[in-house]
Amino acid sequence: MKTLAPKTGNSCFGCGADNPLGLKLTFHGDPEKGTAWTEFLPPHFLAGGANMMHGGFIALLLDEVSSKVLSMQGKRGVTRNLEISYQKPVNLSGPVRLEGSLIRHEGRKHFIKARILNPGGDVLAESEALFLVFNTSS
Ligand SMILES: CCCCC/C=C\C/C=C\C/C=C\C/C=C\CCCC(=O)SCCNC(=O)CCNC(=O)[C@H](O)C(C)(C)COP(=O)(O)OP(=O)(O)OC[C@H]1O[C@@H](n2cnc3c(N)ncnc32)[C@H](O)[C@@H]1OP(=O)(O)O
């Protein structure tokens with residue numbers, strides 16, 4: 001098990017310590033299993049309408065936890081594709097759990113699935129992403 005806490009000098013909106021507007025998320029995961037996860041209470045500025053999270057922020061969170069699957073393994077890369085299924089509203093009045101896991105990789109191409117769950121375990125949104133990794137030769 002590994003933990004990635006926000007670092008100074010990193011202004012990433014999701015996980016950096018140096019973005020004043022950022023979420024400053026801490027992630028946990030298992031590099032050998034290819035997993036990453038976090039839990040947090042979404043701030044209300046992520047709202048779309050009513051008490052629901054904006055779909056663009058849902059995409060951001062899925063992208064973020066997917067990228068952390070790679071960071072846990074010491075890999076650096078960028079999102080090439082992100083396909084999202086919005087299944088239920090992400091309510092802003094309670095905590096959410098983000099989970100990501102590696103499906104498979106073919107050289108630099110890494111296929112990663114992710115999801116957002118509520119405290120009851122309901123899946124609210126899911127994604128499948130292709131990340132292109134820059135520092136791998138396998
Ligand atoms: C440029 C060097 C940068 C180095 C940076 C290193 C680390 C980056 C660290 C942080 C990144 C910054 C901030 C974000 C941090 C965290 C947030 C989460 C992650 C993100 O938010 S990060 C931002 C959004 N992201 C981008 O800003 C990427 C823009 N983009 C590009 O920079 C290029 O797109 C690139 C370089 C990715 C690839 O460019 P490319 O020219 O090398 O390759 P191309 O795109 O043509 O395709 C590649 C292969 O994927 C196959 N392919 C395509 N679609 C497919 C599908 N649907 N299914 C199966 N295969 C598929 C093709 O068929 C081909 O396969 P094959 O190689 O076998 O031919």
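None of the values given here were measured: they were computed from a predicted structure.

This next bit is on the UniProt feature "domain: Thioesterase" (unreviewed entry) in the chain. Per the UniProt record, "domain: Thioesterase" (unreviewed entry) is annotated on residues 51–123. Within the segment residues 51–123, helix and strand shares are 25% and 42% respectively, and the terminal C-alpha atoms sit 18 Å apart.

Here the focus is helix H1 (residues 55–72). Every α-helix carries 3.6 residues per turn, so stepping three or four residues along brings you back to the same face. The first and last C-alpha atoms of H1 sit 26 Å apart over 18 residues, in line with the 26 Å expected at 1.5 Å per residue. The complete set of buried residues in H1 reads Ile58, Ala59, Leu61, Leu62, Glu64, Val65, Ser66, Ser67, Lys68, Val69, Leu70 and Met72. At the C-terminal side of H1, Gly74 shows a positive phi close to 75°.

One open sheet accounts for seven strands, arranged E1-E2-E3-E5-E6-E7-E4; its pairing is antiparallel. Looking at strand neighbours, the two that pair on one side only are strand E1 (2–4) and strand E4 (77–86), the edges of this open sheet. Taken over all neighbouring pairs, the strand axes of this sheet differ in orientation by 20° on average, direction set aside. Relative to strand E5 (residues 96–106), strand E3 (residues 35–40) is paired through six bridges, and the arrangement is antiparallel. Note on E5: the bridge partner recorded for Trp37 is Glu99. Contacts between H1 and the sheet are confined to E1, strand E2 (27–30), E3, E4, E5, strand E6 (109–117) and strand E7 (123–133), with E6 contributing the most and set at about 130° to the helix.

Parameters and conventions
Residues numbered from 1 in each chain as written. Predicted model: local features only at pLDDT ≥ 70, side-chain atom pairs only at ≥ 80, totals over all residues. Heavy atoms only, no water. UniProt positions renumbered as here; feature names shortened; annotations may be inferred. Helix = DSSP H or I, 4+ residues; strand = E, 2+ residues; numbered from the N terminus. Expected span 1.5 Å × (residues − 1). Buried < 20%, exposed > 50% of the residue type's maximum accessible area, 1.4 Å probe, protein only. Pairing = 2+ DSSP bridges. Axes fitted to C-alpha atoms, helices over the stretch in contact; angles between N-to-C directions. Contact = heavy atoms within 4.5 Å.

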